[in-house]
Amino acid sequence: MIGTVYKSTGSWYNVKTDKGVFYECRIKGKLRIKGIKSTNPVAVGDVVVFELENTGDETLGVISDIVDRKNYIIRKSVNLSKQTHIIAANLDQVFLLVTLNNPVTYSIFIDRFLVTAEAYHIPAVLLFNKIDVYNDDELTEIKYLAALYRKIGYTCIGISAKTGKNVNKVKELMLKKTSMFAGHSGVGKSTLINAIDPNLTLKTAEISQQHLQGQHTTTFAEMFDLDFDGRIIDTPGIKGFGIVDMQPSEIGDYFPEFFELKEHCKFNNCMHLDEPKCAVKDALEDNKVSWSRYRSYVQMITGEDENYRIDLYGE
Ligand code: GDP
């Protein structure tokens, strides 16, 4: 049989088949681990092959194989072992919630998130939340940011999780897909989940509580079916995903607005810093590449981490 992993406790996996039946599965002793080495061979979102256990219990199964993942997100443990943990697999999209205040979402955070999403091959959508509370200047800033990110290919929606404004647009994007929400604590993720499907709130609150109580030492993700055809992977405690093992020379590959320009740089290994005849720097001077994005790019390469608020009129 084939099913999708909805939940993992480390040794047991809740697997749901296309027919909507859940099985509790364990892993076959000699399951060949594919791809990267991680502390968990099977992750939430994985599509697995399993057989019923021979115990007579029709709800127990043994996972014998994992279908190749189309993508996955990982986290490295902070301790010395630096072991890799797969948080979730096979995501169709990630939504990043952004707010201007309470909390502030800095451009560098957005850009790091987008770079990592590109590296993971997961389409990202920006949701500018709390548009019900902004004044005219702040709304102008949101429009500016949305235009900046739309220009380079990202879908941007201004929403209010609280009043429900444009939540239907988010739901439309979620149809028939597996999605994840990210963003700083306080940006409105729980409020948005509640607006999308009120039945989910209880379940996700329960996991957050367990997370707070520290019952899970590793990052704990779980998948839920929505009350329309769509799924959400809840990852409490994860606000974004950090850049993992990325070489500085690779970072430019994840700035979509650099794609075509790079070919016109004098040096084919141009890092777009101080090199002569750099097409990216030329485009920057001509305001065809955003200064804010370029600044984030330089920060990512140099490892500096300076938060700055976009300067609306300085660009
Ligand atoms: P989370 O930490 O990302 O899950 O954020 P929450 O959903 O808990 O929201 C944090 C606070 O922001 C709560 O007080 C919410 O009521 C408030 N909030 C969330 N979305 C909106 C919104 O669209 N407008 C306003 N005014 N407040 C919001």
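Quick notes on the rules
- Residues numbered from 1 in each chain as written.
- Predicted model: local features only at pLDDT ≥ 70, side-chain atom pairs only at ≥ 80, totals over all residues.
- Heavy atoms only, no water.
- Near = heavy atom within 4 Å.
- Polar contact = N/O pair within 3.5 Å; in protein donor to acceptor, adjacent residues only side chain to side chain.
- Areas by Shrake-Rupley, 256 points an atom, 1.4 Å probe, with all protein chains shown as cover.
- Nonpolar A, V, L, I, M, F, W, Y, C, P; charged D, E, K, R; others polar.
- Axes fitted to C-alpha atoms, helices over the stretch in contact; angles between N-to-C directions.
- Helix = DSSP H or I, 4+ residues; strand = E, 2+ residues; numbered from the N terminus.
- Parallel < 35°, antiparallel > 145°, perpendicular 65-115°, else oblique.
- Contact = heavy atoms within 4.5 Å.
- Expected span 1.5 Å × (residues − 1).
- Buried < 20%, exposed > 50% of the residue type's maximum accessible area, 1.4 Å probe, protein only.
- Arc of directions from axis to C-beta.
- Core = buried A, V, L, I, M, F, W, Y, C linked by side-chain atoms within 4.5 Å.
- Phe/Tyr/Trp six-rings, centres within 6.5 Å; stacked < 30°, edge-to-face > 60°.

Chemist: So, the site of the ligand: which residues are in play, and what are the values?
Modeler: Residues in contact with the ligand amount to 15 residues; listed here are only the nearest, Asp 132, Gly 186, Lys 189, Ser 190 and Thr 191. One nitrogen or oxygen atom from the main chain of Ala 161 is found 3.0 Å from an oxygen atom belonging to the ligand. One nitrogen or oxygen atom from the side chain of Ser 190 is found 2.5 Å from an oxygen atom belonging to the ligand. Taking 580 Å² as the accessible area of the ligand by itself, protein coverage stands at 71%. Considered class by class, the residues forming the shell around the ligand number three nonpolar, eight polar and four charged.

Chemist: Give a description of the packing of helix α3 (residues 167–174) against helix α4 (residues 189–196) that names residues and reports values.
Modeler: Close contact between α3 and α4 brings their axes to 10 Å; oriented N to C, the two are set at 80°. The orientation of α3 with respect to α4, classified from their angle, is roughly perpendicular. For the pair formed by α3 and α4, the contact residues are Val 167, Val 170, Lys 171 and Met 174 on the first element and Leu 192, Ala 195 and Ile 196 on the second. In the contact of α3 with α4, the residues fall into six nonpolar, no polar and one charged.

Chemist: If you had to explain the environment of Arg 69 to someone new, which residues and values would you point to?
Modeler: Here Arg 69 lies in the loop between β5 (60–66) and β6 (72–76). As for Arg 69 and Ala 89, which are separated by 20 residues in sequence, their C-alpha atoms are 6.5 Å apart. A polar contact of 2.7 Å, which involves the side chain of Arg 69, links it to the side chain of Asp 46.

Chemist: Please provide a residue-by-residue account of helix α9 (residues 291–302), values included.
Modeler: Here α9 contains twelve residues, and its C-alpha end-to-end distance of 16 Å stays within 8% of the 16 Å for a straight helix at 1.5 Å per residue. Those residues of α9 not exposed but buried are Ser 292, Arg 293, Tyr 294, Ser 296, Tyr 297, Gln 299, Met 300 and Ile 301. By the N-cap criterion, in which a side-chain oxygen at the helix start approaches the backbone nitrogen of a residue two or three places on, α9 is capped by Ser 290, the distance to Ser 292 being 3.1 Å. Two residues or fewer past α9, Gly 303 is found with a positive phi of approximately 80°.

Chemist: Please provide a residue-by-residue account of α3, values included.
Modeler: For α3, the complete set of buried residues consists of Val 167, Val 170 and Met 174. Viewed end-on, α3 has its buried residues packed into an arc of 55°, placing them on one side of the element. For α3, the elements touching its buried residues are β8 (93–98), β9 (124–128), β10 (155–158), β11 (178–182) and α4. After α3 finishes, the residue Lys 176 shows a positive phi value of roughly 65°.

Chemist: Just give me the short version of the nonpolar core, but keep the residues and values in it.
Modeler: Counting residues in hydrophobic clusters, the biggest one holds 38 residues, and the most contacted among them are Ile 73, Leu 96, Leu 114, Leu 126, Phe 128 and Tyr 149. By residue number, the principal contributor to this core is helix α1 (residues 107–120), which donates six residues. In this structure Phe 128 touches Val 98, Ile 142, Leu 145, Ala 146, Cys 156, Ile 157, Gly 158 and Ile 159, once residues within four positions along its chain are discounted.

Chemist: Before we move on, could you go through the packing of aromatic side chains and cite the residues and values that matter?
Modeler: One pass over the structure, following the stated rule, counts seven aromatic pairs. Look at Phe 95 and Phe 181: their rings are 5.2 Å apart centre to centre, the planes differ by 20°, and that puts the pair in the stacked class. Here Phe 95, found in strand β8, pairs with Phe 181, found in strand β11; they are 86 residues apart in sequence, far enough to count as distant. Each member of the pair Phe 95 and Phe 181 is classed as buried. Ring geometry for Phe 258 against Tyr 297: centres 5.2 Å apart, planes inclined by 80°, an arrangement best described as edge-to-face. Residue Phe 258 is found in the loop between α6 (248–251) and α7 (259–262), and its partner Tyr 297 is found in helix α9; the two are separated by 39 residues along the sequence. Aromatic rings pair up to connect Phe 255, Phe 258, Tyr 294 and Tyr 297 into one cluster.

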